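Each chain is listed here by its residues.
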Amino acid sequence: MDHDRVDANTGVEYGSSGSWADYSEEVEVYDGAGKLWGVGKTFMDQFNEDEYAAEREQNRYFPFTSKPDWEMALFILWSDLSMADIDKYLNLEFVRHAELLPAPSQWKYQRVTTKFSTTKTLQIFYQDTIECLQSLLSHPLLAASFDFIPRKVYKSAECAV
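Description of the structure in this document. Quick caveat: nothing in here was measured; it's all calculated off a predicted structure.

1. Observations regarding the side chain of R56
For R56, the position within the fold is in helix 2 (residues 53-58). On the accessibility criterion, R56 (13% relative accessible area) is buried. A polar contact of 2.8 Å, which involves the side chain of R56, links it to the side chain of D50.

2. Quick word on the packing of aromatic side chains
One pass over the full model with this rule turns up four aromatic pairs. Judged by centre distance (5.4 Å) and plane angle (35 degrees), the rings of Y52 and F62 are tilted. Placement of the pair is Y52 in the loop between helix 1 (43-49) and helix 2 and F62 in the loop between helix 2 and helix 3 (67-78), with a sequence separation of 10 residues. Note on F146 and F148: the rings are 6.4 Å apart at their centroids and 15 degrees apart in plane angle, and the pair reads as stacked. Overall, F146 belongs to the partly exposed group, its relative accessible area being 33%. Judged by relative accessible area, F148 falls into the exposed class, the value being 52%.

3. Comments concerning the environment of E131
Note that E131 resides in helix 5 (residues 129-137). Residue E131 is classed as partly exposed on the basis of its relative accessible area, which comes to 31%. Residues E131 and S105, 26 residues apart in the sequence, show an inter-C-alpha distance of 5.8 Å. Of the polar contacts made by the side chain of E131, one reaches the side chain of K108; its length is 3.4 Å.

4. Re the side chain of S79
Along the chain, S79 falls in the loop between helix 3 and helix 4 (83-90). Residue class for S79 comes out buried when judged on its relative accessible area of 18%. A distance of 2.9 Å separates a polar atom in the side chain of S79 from the backbone oxygen of I76.

5. Side note on the pattern of salt bridges
Per the stated rule, a full pass over the model turns up five salt bridges. Across the pair E71 and K67 runs a salt bridge, and its minimum N-O distance is 4.0 Å. You can see E71 and its partner K67 sitting in helix 3, four residues apart, about one turn around the helix. Between D128 and K108 there is a salt bridge, with the nearest N and O atoms lying 3.9 Å from each other. Taken as a pair, D128 in the loop between strand 6 (122-127) and helix 5 and K108 in strand 5 (residues 107-112) lie far apart in primary sequence, 20 residues in all. Classification of D128 as partly exposed rests on a relative accessible area of 27%. Taking relative accessible area as the criterion, K108 reaches 26% and is therefore assigned partly exposed. Among the ionic contacts, a cluster of salt bridges with common partners joins K108, D128 and E131.

6. As for a nonpolar patch on the surface
A contiguous nonpolar surface patch, about 700 Å² in accessible area, is contributed by L36, I130, L133, L136, L137, F146 and F148. Mapping L36 onto the fold places it in the loop between strand 4 (26-29) and helix 1. Residue L36 is classed as exposed on the basis of its relative accessible area, which comes to 65%.

7. Section: the environment of Y52
The partly exposed category is assigned to Y52, whose relative accessible area is 25%. Taking the C-alpha atoms as reference points, Y52 and P63, separated by 11 residues in sequence, lie 8.4 Å from one another. Side-chain polar atoms of Y52 contact the side chain of E51, separated by 3.4 Å.

About the criteria used
Residues numbered from 1 in each chain as written. Predicted model: local features only at pLDDT ≥ 70, side-chain atom pairs only at ≥ 80, totals over all residues. Heavy atoms only, no water. Helix = DSSP H or I, 4+ residues; strand = E, 2+ residues; numbered from the N terminus. Buried < 20%, exposed > 50% of the residue type's maximum accessible area, 1.4 Å probe, protein only. Polar contact = N/O pair within 3.5 Å; in protein donor to acceptor, adjacent residues only side chain to side chain. Phe/Tyr/Trp six-rings, centres within 6.5 Å; stacked < 30°, edge-to-face > 60°. Salt bridge = Lys/Arg side-chain N within 4 Å of Asp/Glu carboxyl O. Patch = residues over 30% accessible without salt bridge, like charges linked within 9 Å, V, L, I, M, F, W, Y side chains within 5 Å. Areas by Shrake-Rupley, 256 points an atom, 1.4 Å probe, with all protein chains shown as cover.

As structure tokens, then:
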């Protein structure tokens, strides 16, 4: 298999199709098997057309008022803080303006009744799969990570023969 580039730090090989394999895998790519049917609006399309687009032209850190506010949010995003600690922080008065950020897919629940008696009502918590996929597929940091071409990955070169 011809490879365009090998990452010196990880040993990962990147092929011309964007596929990758480490030295213990052989990848068989099925070009043409995956098809895209139209193109929807990306996150950035929606972002540039929403009600706050004009605000962002005046303030590049909107919905934050300044670069320090934005840096604090970035720090929290990439920190190892627990959700409880982040909730405590976000409930502080000086960060209330963070409510303008787009919300992720919301958790939902459904009560389940059984033919057996239970001491507590059973509830199943879930997220809408379509909403989760829309959020992931429209995320600008993940846009280059998706590849819709099916492939078979072998752990050794023997399977590829």
